[in-house]
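What the coordinates show
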2 protein chains.
Amino acid sequence: MPRVTQAHLDARRQQIIDAARARFATHGFARTSMTDLVAASGLSTGAIYRYFKGKDQIVAAICEQASQALPTELTARSAHDFLEHVRTLAREEDHARLVAQIYAEAAVSPSLAALVRRQLDDLRTAVAALLPEHEPADANRIAEAFVALCDGYNQQLAVRGDVDPAPFAAALVAIIES
Amino acid sequence: MPRVTQAHLDARRQQIIDAARARFATHGFARTSMTDLVAASGLSTGAIYRYFKGKDQIVAAICEQASQALPTELTARSAHDFLEHVRTLAREEDHARLVAQIYAEAAVSPSLAALVRRQLDDLRTAVAALLPEHEPADANRIAEAFVALCDGYNQQLAVRGDVDPAPFAAALVAIIES
């Protein structure tokens, strides 16, 4: 039996996740079956089930990989750059449409909702940590609106196609300075 | 043959829309069939198809009825009251979860996306009209972020359950004053 390296296993797992991301973004979660994911990934049915027991586990893996690439400080420039990054992810990786599917699925799936809630908590905590000069209550308040506005921008990208981030960047700055 | 009044026809049509709203919010759009909607509405299959040719027409009717009940002026108080209204709709009518389903469906359906885009255009225009003291470019910029933040708050409600609107109301005020 050939020796299977961890790198090989990781690459195959990532191949499944990437194929699922693309398929979920274009067809939605409910309209995608494990059979569709087998076809999209180019792997065998047996291979996919070796990594994931079902769609729920794959969408959980997608959520866990969702990197937001937050800036290291919150300035007018970094807010704009961050939203440009969100815009690029929408254009190049269909990220905004994928996020819309994940929110819709989380709204009807308690287990996925729990996962998304934890990620939103982590994201708000990370944003609040970028505001050390604010009182904790103010930092948390700002972080709450910051995260919601970024997700709101994602929703606009998902439905309207490309949307200039400038008004949203200006709003982020106004929120941070409030 | 009994005389059927317009009020009766309207009431039946609304009965179908209300049943579909509830079903879409809890199960999503793709997991709801016309058969499910027949069962949920309490009407016959024939009766439903008299009003709607399919699910797409029903979700379009739901979108067209989406009343945002915008305030007549934008102040700290009215921004807070508006978000309290959004929160109440989420609690009493499952509105936030329904909106999450509509965005997800619009992200993969060009015809629904066109409808949602028109509604977003109308909403931004209505918000901008509440800012007569601003230059048009500024009013449009503020309206863009205002609408996205309200939708972002809806997304939070859809996934986290009840969420205090205070941080979002403060952010709306900061955006309006920016």
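Structure first, text after, so check above.
The text that follows walks through the structure, step by step, so that each part is easy to find. (Residues numbered from 1 in each chain as written. Chains lettered and ligands numbered in written order. Predicted model: local features only at pLDDT ≥ 70, side-chain atom pairs only at ≥ 80, totals over all residues. Heavy atoms only, no water.)

**Considerations on the overall build of chain A**
Helix and strand counts for chain A come out as nine helices and zero strands. The secondary structure elements of chain A, listed N-terminal to C-terminal, are α-α-α-α-α-α-α-α-α. For the C-alpha atoms alone, the extent of chain A along its principal axes is close to 60 × 35 × 30 Å. Within chain A, the proportion of its 178 residues that are buried is 53%. Look at the contacts in chain A between residues 6 or more apart in sequence, and 66% of them connect residues 24 or more apart. When the accessible surface of chain A is split by element, carbon and sulfur atoms take 52% of a total near 8200 Å². Chain A carries 18 positive and 22 negative side-chain charges, and their two centres are separated by 10 Å. (Helix = DSSP H or I, 4+ residues; strand = E, 2+ residues; numbered from the N terminus. Buried < 20%, exposed > 50% of the residue type's maximum accessible area, 1.4 Å probe, protein only. Contact = heavy atoms within 4.5 Å. Areas by Shrake-Rupley, 256 points an atom, 1.4 Å probe, with all protein chains shown as cover. Lys, Arg positive; Asp, Glu negative; His and termini not counted. Charge placed at Lys NZ, Arg CZ, Asp CG, Glu CD.)

**Some details on the side chain of Ser78(A)**
All names here are of chain A. Residue placement: Ser78 occurs in helix 5 (residues 76–93). We classify Ser78 as buried; its relative accessible area is 11%. Reaching out from Ser78, the side chain makes a polar contact with the backbone oxygen of Glu73 at a distance of 2.6 Å. Dropping the residues within four chain positions of it, Ser78 is found in contact with Pro71 and Glu73. (Polar contact = N/O pair within 3.5 Å; in protein donor to acceptor, adjacent residues only side chain to side chain.)

**Some points on empty space enclosed by the protein**
By the definition in use, this model includes five cavities of 30 Å³ or more. When its volume is computed, the largest cavity comes out at roughly 150 Å³. The wall of the largest cavity is formed by 16 residues, among which Ala30(A), Gln101(A), Ala30(B), Gln101(B) and Ala104(B) lie closest to the centre. Mapped onto the lining of the largest cavity, the elements with two or more residues apiece are helix 6 (95–108) of chain A together with helix 6 (95–108) of chain B. (1 Å grid on protein atoms, 1.4 Å probe; cavity = no way out; pocket = protein on both sides within 12 Å on 5 of 7 lines; lining within 4 Å. Points joined across faces, edges and corners; volume = space filled by probe spheres on them.)

**Some words on the packing of aromatic side chains**
Summed over all chains, the structure comprises six aromatic pairs over all chains. Centre to centre, the rings of Phe24(A) and Phe29(A) are 5.1 Å apart; their planes meet at 45 degrees, and the pair counts as tilted. For the pair Phe24(A) and Phe29(A), one class covers both residues: buried. Aromatic pair Phe82(B) and Phe146(B): ring centres 6.3 Å apart, planes at 25 degrees, arrangement stacked. Of this pair, Phe82(B) sits in helix 5 (residues 76–93) while Phe146(B) sits in helix 8 (residues 136–160), and the two are 64 residues apart along the sequence. On the accessibility criterion, Phe146(B) (2% relative accessible area) is buried. Over the face of the ring belonging to Phe29(A) we find Lys55(A), whose NZ or CZ atom lies 4.4 Å from the ring centre. (Phe/Tyr/Trp six-rings, centres within 6.5 Å; stacked < 30°, edge-to-face > 60°. Lys NZ or Arg CZ within 6 Å of the ring centre and 35° of its normal.)

**Brief notes about the nonpolar core**
Core analysis: the largest hydrophobic core is formed by 130 residues, its most contacted members being Phe24(A), Ile58(A), Phe24(B) and Ile58(B). When near neighbours in sequence (up to four residues on either side) are disregarded, Ile58(B) contacts Ile16(B), Ala20(B), Phe24(B), Met34(B), Leu37(B) and Phe52(B). (Core = buried A, V, L, I, M, F, W, Y, C linked by side-chain atoms within 4.5 Å.)

**Thoughts on helix 7 (residues 110–129) of chain B**
A rise of 1.5 Å per residue sets the reference length of helix 7 of chain B, with its 20 residues, at 28 Å; its end C-alpha atoms lie 28 Å apart and thus fit the reference within 8%. The inward-facing, buried residues of helix 7 of chain B contact helix 8 (136–160) of chain A together with helix 4 (55–65), helix 6 and helix 8 of chain B. (Expected span 1.5 Å × (residues − 1).)

**Here's the deal with the interface of chain A and chain B**
The interface is formed by 43 residues belonging to chain A together with 43 residues belonging to chain B. Roughly 3400 Å² is buried in total at the junction of chain A and chain B, and carbon and sulfur atoms are behind 64% of that figure. Interface area lost by chain A to chain B is led by Gln155(A), Val159(A) and Arg160(A), which between them contribute 19%. Between Glu105(B) and Arg31(A) there is a salt bridge, with its nearest N and O atoms 2.9 Å apart. Summed over the shared surface of chain A and chain B, the number is ten residue pairs in polar contact (both at pLDDT 80 or more). When contributions to the side of chain A that touches chain B are tallied by element, the ones reaching two or more residues are helix 1 (6–27), helix 6, helix 7 (110–129), helix 8 and helix 9 (166–176) of chain A. Counting residues per element, the side of chain A that touches chain B draws most heavily on helix 8 of chain A, at 14 residues. Here the side of chain A that touches chain B is composed, by residue class, of 26 nonpolar, eight polar and nine charged. (Buried area = accessible area lost by both parts, 1.4 Å probe. Salt bridge = Lys/Arg side-chain N within 4 Å of Asp/Glu carboxyl O. Nonpolar A, V, L, I, M, F, W, Y, C, P; charged D, E, K, R; others polar.)

**So, the packing of helix 4 (residues 55–65) of chain A against helix 7 of chain A**
Residue and element names in this part refer to chain A. Contact geometry of helix 4 with helix 7 gives a least axis separation of 10 Å together with a crossing angle of 5 degrees. Between helix 4 and helix 7, the interaxial angle falls into the category roughly parallel. Together, Val59, Ala60, Cys63 and Glu64 of helix 4 and Leu112, Leu115, Val116 and Gln119 of helix 7 make up the contact between the two elements. Residues of the contact of helix 4 with helix 7, tallied by class, amount to six nonpolar, one polar and one charged. (Axes fitted to C-alpha atoms, helices over the stretch in contact; angles between N-to-C directions. Parallel < 35°, antiparallel > 145°, perpendicular 65-115°, else oblique.)

**Remarks on the side chain of Asn154(A)**
Take Asn154(A): it is sitting in helix 8. Residues within four places of Asn154(A) in sequence aside, it is in contact with Val86(A), His95(A), Ala96(A) and Val99(A).

**Points about the relation of the copies chain A and chain B**
Superposing chain A onto chain B takes a rotation of 180 degrees combined with a translation of 0.0 Å along the rotation axis, leaving an RMSD of 0.0 Å. In symmetry terms, the pair is related by a two-fold rotation axis. With an isologous cut-off of 70% or more, the 100% of interface residues of chain A that recur at the interface of chain B puts this contact in the isologous class. (Least-squares fit on C-alpha atoms with pLDDT ≥ 70 in both.)

**A look at the environment of Thr125(B)**
Residue and element names in this part refer to chain B. Tracing the chain through its elements places Thr125 in helix 7. Assessed through its relative accessible area of 55%, Thr125 is described here as exposed. Here Asp121 takes part through its backbone oxygen, which lies 2.8 Å from a polar atom of the side chain of Thr125.

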